[in-house]
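Topology and contacts: notes
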Amino acid sequence: MKKRFLSTIAIAGAAAMALTACSSDSDAGSSDAADGGGGGDVITVGFAQTGSESGWRSANTESMKTAFSSENGFELVFNAADNDTAAQIAAVRSFINQGVDAIVIAPIVEDGWDDVLQEASDAGIPVILEDRTVSASEDLYAAWIGLDFEQEGVTAGEWAAAEFGDTETNMVVLEGTTGSAPANDRATGFDSAIEGTMITKIDSQTGDFTRDGGKSVMEGFIQNYGVDGIDLVYAHNDDMALGAIEAIEAAGAVPGEDIKIISIDAVHDGMQALVDGKINYIVECNPLLGDLVAAAVTGVVNGEDVEAVQYVEDLAFDQAAAEEALPDRKY
Ligand code: AHR
């Protein structure tokens, strides 16, 4: 995998000589990397972000923009696809046409990347994935930097099993974006950890990783099962848990007491809800990946050997741990 991209660096570098540096934070469709980007020491990078669906995503975008700053020797062409897979693939094609030096993608979903990744490879432009994974061949990208989503699900499920596994517990699940790696893997990990316990998944629907999505799906669950028919919510991220809290309170019940809540991310608002007793347990998903991704891009573009798979470690918090961690929380 590494070899393939290292062998294309010379081509990418040569192409870059004729490119223009594009302005940081510009839109993929409108920016022009066509004469000079990547010339000299500046590395022109197209970043295809998923969108701005959650607090986690905002923190991730900020981390990436800080790492890929002009002070650090980058010209960043930024695109956020608003959770639209076709738009994200179009943004990547636009980066290829602009002849950027490297492309970074946080893929919305796992499937459907083969063609455009092959096009990037054919153009000699290395691709680095951050955050989420794809099902396409590993030969088509130089490196992936992110979190172990399945382990996050296992950690959340193990806590649920320890707390509720011996009692009949009706659980509903607020899933992340359908087809995304975190939604798939967090479900797999959690389900494996609660196997053989008395926790029953009575319903599971996508809230698309958004607060509004979590709220409206939870409203539907409450309508179908009543607040007394639901004991536990497993939300694939904090934003959906925060939406669920609004729905539970609107139905006259107490989140964290009448209905327990487990979520993933540990962004500031989620941690505050945990401190306030409205969420019961949170598994971290660290969004501060920018520096690692920037180092990988620099390494790949300079023809260095770059670690192909880089996991970032996650913590987990109960209420006491959240109280301690919140004052110093960076996101
Ligand atoms: O891919 C990471 C997930 O995407 C985060 O858990 C979620 O909040 C975000 O939208």
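A few points on the structure. These figures come from a predicted structure and were not determined experimentally.

1. Description of helix α9 (residues 238-250)
Its 13 residues place the ends of α9 18 Å apart at the C-alpha level, agreeing with the 18 Å of an ideal helix rising 1.5 Å per residue. Restricting attention to buried positions, one finds in α9 the residues Asp238, Asp239, Met240, Ala241, Leu242, Gly243, Ala244, Ile245, Ala247 and Ile248. Among the residues trailing α9, Gly252 stands out with phi positive, at a value near 85°.

2. A few points about helix α3 (residues 55-67)
Given a rise of 1.5 Å per residue, 13 residues ought to cover 18 Å, and the 19 Å separating the end C-alpha atoms of α3 matches this to within 8%. Turning to α3, its buried residues number three or more, namely Trp56, Arg57, Ala59, Asn60, Thr61, Ser63, Met64 and Ala67.

3. Some words on the packing of aromatic side chains
Throughout the structure, instances matching the rule amount to six aromatic pairs. Where Trp159 meets Tyr281, the ring centres are 4.5 Å apart and the plane angle is 0°; that geometry is what we call stacked. Residue Trp159 is located in helix α6 (residues 149-164), and its partner Tyr281 is located in strand β10 (residues 281-284); the two are separated by 122 residues in the primary sequence. Its relative accessible area of 17% is what places Trp159 among the buried residues. What makes Tyr281 buried here is its relative accessible area of 11%. Relative to Tyr234, the ring of Phe190 lies with its centre 3.9 Å away and its plane at 15°, an arrangement referred to as stacked. Taken as a pair, Phe190 in helix α7 (residues 181-194) and Tyr234 in strand β8 (residues 232-235) lie far apart in primary sequence, 44 residues in all. Accessibility assignment for this pair places Phe190 and Tyr234 in one class, buried.

The rules behind these values
Residues numbered from 1 in each chain as written. Predicted model: local features only at pLDDT ≥ 70, side-chain atom pairs only at ≥ 80, totals over all residues. Heavy atoms only, no water. Helix = DSSP H or I, 4+ residues; strand = E, 2+ residues; numbered from the N terminus. Expected span 1.5 Å × (residues − 1). Buried < 20%, exposed > 50% of the residue type's maximum accessible area, 1.4 Å probe, protein only. Phe/Tyr/Trp six-rings, centres within 6.5 Å; stacked < 30°, edge-to-face > 60°.

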